[in-house]
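# What the coordinates show
Chain by chain, the residues run as shown.
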Amino acid sequence: MHTLGVPFVLLWLLSGYSCALGGKGEICSFNIFGQDAPFNAVVLNRTSGEGVLRASSHVDCESQKEYTFIIQAYDCGAGPDGANWKKSHKAVVHIQVDDVNEFSPVFRESLYKASVTEGKIYDSILQVEAWDQDCSPQYSQICNYEIVTGGTPFAIDRNGNIRNTERLSYEKQHSYRIMVSAFDCGQKKAKEDVAVHIEVKPVCKPGWQGWNKRVDYEPGTGSKQLFPKMHLETCGGPLSGVKAMVELQTNHIGKGCDRETYSEKSLQKLCGAASGSTDLLPAPSPSANWTASLLTDSGRESDLIYRFDGRQAANVPDHVVPQNLTDQFTIATWMKHGPTPGLRAEKETILCNSDKTEMNRHHYSLYVHNCRLVFLLRRDFTQIDTFRPAEFHWKLEQICDKEWHYYVINVEFPAVTLFVDGVTYEPYLVTDDWPIHSSKIDTQLTVGACWQGGEVATPRFTQYFHGSLSGLTIRPGRIETQKVISCLQACKEGLDINSLESLAKDIKFHFNPAQSVLVVEGEDVDSINTAMTKVSYINSRQFPTPGLRRLHISTSVQCFGEDTCVSIPDIKAVVMVLPPTEPRITISGSKQLVRPASDLRSPLGVAPFRELRITSTVMKGDSLGGFHRPEVMEVMHNLDYCDVLVIGDELEPERESLEIQHSALLGKHLDATNSTSGISIYGVDSMAHYEQVLRQLRYRNWRPASLTERRFRLTCSELNGRYTSNEFNLEISVLHHTAPMEHVNHMAAQSQYMRPVHHPLMIHTLNSHVSGPAPPAATVVIVVCIAALVIIVVIGIYRIHATHQEGSRDDEDEIKDPESDWESAGLNITVNPMEDIRGPQALGEAVRGEECEEEDEEDDAELVGGMTIVESDSSDEEGEEENKGREEVNGRKQKGKPEWDSSLVTY
């Protein structure tokens, strides 16, 4: 804003000539006509008429760029008072105000936002705009924009259009923030830059979003949601239906999934299967050694799996083979088998019963041929010589899919039914054949191949099996029920859906029998999303097998009028089952028992494990105040077997037994087998039931004469040896009774020259046992007391006689103190104990039996000067009298026989 001075000259124009207003025609003033024109005219020279226009106030181009008004000049007038002045004609004045660059550019927005899709090059992502308050085009126009932030993949033109210079990636950077400035044409920069926020959006790819690739599962926590935040992105297309399939892949766990890893016998007992089945593939042992040469798959935890590579087979001993197959029997096995190379593959025999010699007839067999399962059953010839169903064929995908499946063949001749993983399949082909004529040729049952004993130069195995088998059993006389079959092959892990009531009405879902596959269908995407967040994993085992379980989700989307319109990629995730806290099984109780031989001979024998207790504990971490403090917790779980083994020599059945009454097993899922090496109790049952049964275990020995002790070792297991207890050792000590013996007193000068002199009535042998009834303990004590009294009387008579002979001597000089005689005599008393007493308890019994005798001797000794036996030079006659008295006592003792008081023995 400036004040302007405009110089000018006014001429008065007359028609034909001009007359300057000078002299008497001087110009005295100018007059401006116009509304609010901020100007005034000042005369500079009256004679020449020069004047100047000046701004009377501030002139602002931004307020008014130009002014137009009328100006008129006046002379000084004709009279002295200035009257009669004259004015010129009116002139129009037009004034334009020049601009000054006094303002900086300003952006119209304080923040600019835009979003782009990754992978595209845009000509213009967005346009920023600034303006200037200056009035002239030179200073009011924005001539340039500039990105102040460096190192960004963006550029801006002079019009404010921002574009990307390279393809953006959502994974690389989700968003960008850049600063932009503006310049007017006078190169005046904006005082404040503006922020531009550009968000990079991923390319809309239809698929599942919001899911984790790994889900950790802690044992014992029930079910856990797998996809709590997962949703399906369809990129806005109209849909008519969505179908999603969730598959839990557990092929690498055990026999196809996490099942109970108990032994086949224990599982059959647990599921209520009929008894009497024969295990054709047991664990190798001295009694079942025909599987020792087979290959085992040791990588499976607690599962006994045999792997056949086309070169191994096993002959089942004749005493194991069921001989009474009737019109009803069951064959069951776990099998994993793949396709056999070759167009016409050979037969692969699982089980075969054929002639052992001379001929090559197959009586019954189970084999695989070209991915078909075939069961052959040729009955013996009966009264009717006609064709009968002999071969039953099944063509199933499971036979060659290299996965574990549970096969059960129920034979109710002539009908044969196959169960695969609990699902029933009827044969697609049944062929007839003639019955086999009876003969006296023995048969051979073989696993993994078929025995060819005839029609060849050298008997050998043929038709080897390629695959894996486990739990091959045959049960004659009965078929298995659907319920038991389902129990035997049931998986303990699988998929589940929580809160079924919260699902939409249009949602449909179904599981496969193993609950490893879940299919969810719906018409609305939101309903499908809600249903998928409810999908969970569950493992009901108390001690599941740790490791990975793979998840696979496949989805198909239908649009209106089209079969498929959007392709949804499959997703893969894993469930990590964390290792469970291992239990510590502890067996405690009394480890040493002392029992008289009579208890072992009794009908009930002795109960070695009457005080037995079985407990199990786990270590649990407890975080308190930032410190990790382990805590021991007692847990309850099942056991599947307890073995009581004999340490040392095996049991001799003709004289001893280790047995358990059948009544002790009633109402429990337990059974027992015994042998000369011990007894085994097996079955899936609680620790409390195992305690009850073990406490009723009895050991008997009806001829324990030479037995001094018996030792046993007890161990228990959970999950077929996965968790084992401590080795609990118990020893039974046997107390024996011997014939009574005489306590002989030997008198000599010095103890080193003493030697025991046995009375003829004392002759006995070690480990001698006296039969017949024995007097009670009170009688023995009375006899001993009487014998002691007789000895004391004899000693008293002897002392009186000696005193009478010495009465003539001088009392003060010659008589010796009796006590000093005892002290100088060097008297020794030797007592011969019962030599066949074998323990401190037995010796204690003998000592207690002599307590009365010792007390009587001490009392009577005071009456005779404190002496019990006197050393003197008495005659042989007096010694003979003493010996006669002893013989009388011993004679009375021999009339009775000692007996153990069972009330004094602690059981």
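This structure is a prediction, so every number in the text was calculated from the model and none was measured.

### Focus on the overall build of the protein chain
Scanning the protein chain from terminus to terminus reveals eleven helices and 55 strands. Buried residues in the protein chain amount to 41% of all 907 residues. A separation of at least 24 residues holds for 71% of the contacts in the protein chain among residues at least 6 apart in sequence. Just so you have it, the protein chain exposes about 49,400 Å², and 49% of that area is on carbon and sulfur atoms.

### So, the sheet that holds strand β28 (residues 372-377)
Strands sit in the order β24-β34-β26-β27-β28-β29-β33 across an open sheet of seven strands; the sheet is antiparallel. At either margin of the open sheet sits one strand with a lone partner, and together these are β24 (314-316) and β33 (429-433). Sheet twist, expressed as the average angle between the axes of neighbouring strands with direction ignored, equals 20°.

### Comments concerning the pattern of salt bridges
What the rule picks out here adds up to 16 salt bridges. With its nearest N and O atoms 3.2 Å apart, the salt bridge here joins aspartate 258 to arginine 549. Of this pair, aspartate 258 sits in the loop between β20 (241-249) and α2 (264-271) while arginine 549 sits in strand β42 (residues 547-558); the two residues are 291 residues apart in sequence, bridging distant segments of the chain. Since its relative accessible area comes to 0%, arginine 549 is described here as buried. Residues participating in the shared-partner salt-bridge network are Asp258, Glu493, Arg541 and Arg549.

### A word on the sheet that holds strand β9 (residues 126-127)
The strand order β9-β13-β12 describes an open sheet built from three strands, whose pairing is antiparallel. The open sheet terminates on both sides in strands that have one partner only, identified here as β9 and β12 (154-156). Sheet analysis places β9 next to strand β13 (residues 161-164), joined by two bridges and oriented antiparallel. Bridge pairing links glutamine 127 to asparagine 161 in β13.

### What to know about unusual backbone geometry
One can expect most non-glycine residues to show negative phi and most peptide bonds to be in trans. The amide bond that connects phenylalanine 413 to the next residue, proline 414, takes the cis arrangement and shows omega of 10°. Structurally, proline 414 is set in the loop between β30 (404-412) and β31 (415-420). Phi at glutamine 515 is positive, roughly 55°, even though this residue is not glycine. Tracing the sequence through the fold places glutamine 515 in the loop between β39 (508-511) and β40 (517-522). Its identity as a non-glycine residue notwithstanding, asparagine 720 has a phi of 55°, on the positive side. For asparagine 720, a relative accessible area of 29% corresponds to the partly exposed category.

### Topic: α2
Residues of α2 that are buried: Glu264, Ser266, Leu267, Gln268 and Cys271. Buried residues along α2 sit against β25 (328-336), β37 (466-476), α3 (482-489), β48 (638-647) and β51 (678-686). Immediately beyond the C-terminal end of α2, within one or two residues, lies glycine 272, with a positive phi of roughly 80°.

### Digging into the nonpolar core
In terms of nonpolar packing, the biggest core is built from 52 residues, with Phe609, Ile614, Val644, Leu694, Tyr699, Phe712 and Leu714 touching the most fellow members. If you look at the next biggest cluster of nonpolar residues, it comprises 40 residues, including Val320, Val321, Val411 and Ile474.

### So, helix α4 (residues 525-533)
Counting buried positions over the nine residues of α4 gives seven, a clear majority of the element. Among the residues of α4, those classed as buried are Val525, Ser527, Ile528, Asn529, Ala531, Met532 and Thr533.

### Brief notes about the packing of aromatic side chains
Under the criterion given, the structure shown has 15 aromatic pairs. Between tryptophan 451 and phenylalanine 461 the ring centres are 5.2 Å apart and the planes differ by 75°, which places this aromatic pair in the edge-to-face class. In this pair, tryptophan 451 is assigned in strand β35 (residues 450-452) and phenylalanine 461 in strand β36 (residues 460-462), connecting sequence segments ten residues apart. Feature note: the residues Phe39, Tyr67 and Phe69 constitute an aromatic cluster, connected by ring pairs. Lying over the aromatic face of phenylalanine 33, lysine 90 brings its terminal NZ or CZ to 5.1 Å of the ring centre.

### Points about the environment of serine 439
Relative to the assigned elements, serine 439 resides in the loop between β33 and β34 (443-447). For the pair serine 439 and aspartate 355, spaced 84 residues apart in sequence, the C-alpha separation works out to 10.0 Å.

### Some thoughts on the pairing of β25
Taking burial as the measure, the nine residues of β25 include seven buried ones, the bulk of the element. As paired strands, β25 and β30 are joined by nine bridges and run antiparallel to one another. Opposite isoleucine 331, over in β30, you have isoleucine 409 as the bridge partner. Pairing of β25 with β37, which is carried by seven bridges, proceeds in the antiparallel orientation. Bridged to tryptophan 334 within β37 is serine 470.

### Details of a nonpolar patch on the surface
On the surface, a nonpolar cluster with roughly 290 Å² of combined accessible area is contributed by Leu789, Val793 and Ile797. By the secondary structure assignment, leucine 789 is in helix α7 (residues 777-805).

### Side note on the side chain of lysine 668
Checked against the element boundaries, lysine 668 lands in the loop between β49 (656-659) and β50 (671-675). As a buried residue without a salt bridge, lysine 668 has its nearest oppositely charged side chain in aspartate 685, at a separation of 7.0 Å. A polar atom in the side chain of lysine 668 sits 3.1 Å from the backbone oxygen of alanine 664. When neighbours within four sequence positions are excluded, lysine 668 is seen to be in contact with Lys269, Asp685, His689, Gln692 and Val693.

### Here's the deal with the confidence of the model for the protein chain
Put simply, the protein chain has an average pLDDT of 77, and 76% of its residues get 70 or more. Scored below 50 in pLDDT, residues 1-23 shows 47 contacts in the model against residues more than four places distant or in partner chains. Residue range residues 739-775 is modelled with pLDDT below 50. Its contacts to residues more than four positions away, or to other chains, number 75 contacts.

### A word on the state of the cysteines
Taken as a whole and assessed by the stated rule, the structure comprises eight disulfides. One disulfide in the model links cysteine 271 with cysteine 487; its S-S distance is 2.1 Å. Its torsion about the S-S bond being -70°, the disulfide of cysteine 271 and cysteine 487 is classed as left-handed. Remark: cysteine 487 occurs in helix α3 and cysteine 271 occurs in helix α2; sequence separation between them is 216 residues. With its sulfur 2.0 Å from that of its partner, cysteine 642 forms a disulfide with cysteine 716. Judged by the sign of its S-S torsion, about 110°, the bond between cysteine 642 and cysteine 716 is right-handed. Residue cysteine 642 is located in strand β48, and its partner cysteine 716 is located in strand β53 (residues 709-718); the two are separated by 74 residues in the primary sequence.

### Topic: the side chain of glutamate 348
Inspection of the secondary structure assignment puts glutamate 348 in strand β26 (residues 348-355). Buried charged residue glutamate 348 carries no salt bridge. Nearest counter-charge: arginine 372, at 12 Å. For glutamate 348, the side chain forms a polar contact with the side chain of histidine 337, separated by 3.1 Å. A polar side-chain atom of glutamate 348 sits 3.0 Å from the main-chain amide nitrogen of histidine 466. In contact with glutamate 348, other than residues within four places in its own chain, are His337, Thr340, Tyr367, Val368, Gln463, Tyr464, Phe465 and His466.

### Some remarks on the packing of α2 against α3
α3 packs onto α2 with a crossing angle of 135° between their chain directions and a minimal axis gap of 9 Å. Judged by the angle between their axes, α2 and α3 are oblique. As for the relative orientation of α2 and α3, their crossing is right-handed in sense. Between α2 and α3, the residues in contact are Leu267, Gln268 and Cys271 and Val484, Cys487 and Leu488, respectively. Considering only residue class, the contact of α2 with α3 consists of five nonpolar, one polar and no charged.

### With respect to the environment of glutamine 696
Within the element layout of this structure, glutamine 696 appears in the loop between α6 (687-695) and β52 (698-701). Residue glutamine 696 is classed as partly exposed on the basis of its relative accessible area of 38%. It is 7.0 Å that separates the C-alpha atoms of glutamine 696 and alanine 664, two residues lying 32 residues apart in sequence. Other than its neighbours up to four places away in sequence, glutamine 696 contacts Ile660 and Ala664.

Reading guide: rules and limits
- Residues numbered from 1 in each chain as written.
- Predicted model: local features only at pLDDT ≥ 70, side-chain atom pairs only at ≥ 80, totals over all residues.
- Heavy atoms only, no water.
- Helix = DSSP H or I, 4+ residues; strand = E, 2+ residues; numbered from the N terminus.
- Buried < 20%, exposed > 50% of the residue type's maximum accessible area, 1.4 Å probe, protein only.
- Contact = heavy atoms within 4.5 Å.
- Areas by Shrake-Rupley, 256 points an atom, 1.4 Å probe, with all protein chains shown as cover.
- Pairing = 2+ DSSP bridges.
- Axes fitted to C-alpha atoms, helices over the stretch in contact; angles between N-to-C directions.
- Salt bridge = Lys/Arg side-chain N within 4 Å of Asp/Glu carboxyl O.
- Core = buried A, V, L, I, M, F, W, Y, C linked by side-chain atoms within 4.5 Å.
- Phe/Tyr/Trp six-rings, centres within 6.5 Å; stacked < 30°, edge-to-face > 60°.
- Lys NZ or Arg CZ within 6 Å of the ring centre and 35° of its normal.
- Patch = residues over 30% accessible without salt bridge, like charges linked within 9 Å, V, L, I, M, F, W, Y side chains within 5 Å.
- Lys, Arg positive; Asp, Glu negative; His and termini not counted.
- Polar contact = N/O pair within 3.5 Å; in protein donor to acceptor, adjacent residues only side chain to side chain.
- pLDDT = per-residue confidence, 0-100.
- Disulfide = S-S within 2.5 Å.
- Parallel < 35°, antiparallel > 145°, perpendicular 65-115°, else oblique.
- Left-handed = near helix turned anticlockwise from the far one by under 90°.
- Nonpolar A, V, L, I, M, F, W, Y, C, P; charged D, E, K, R; others polar.

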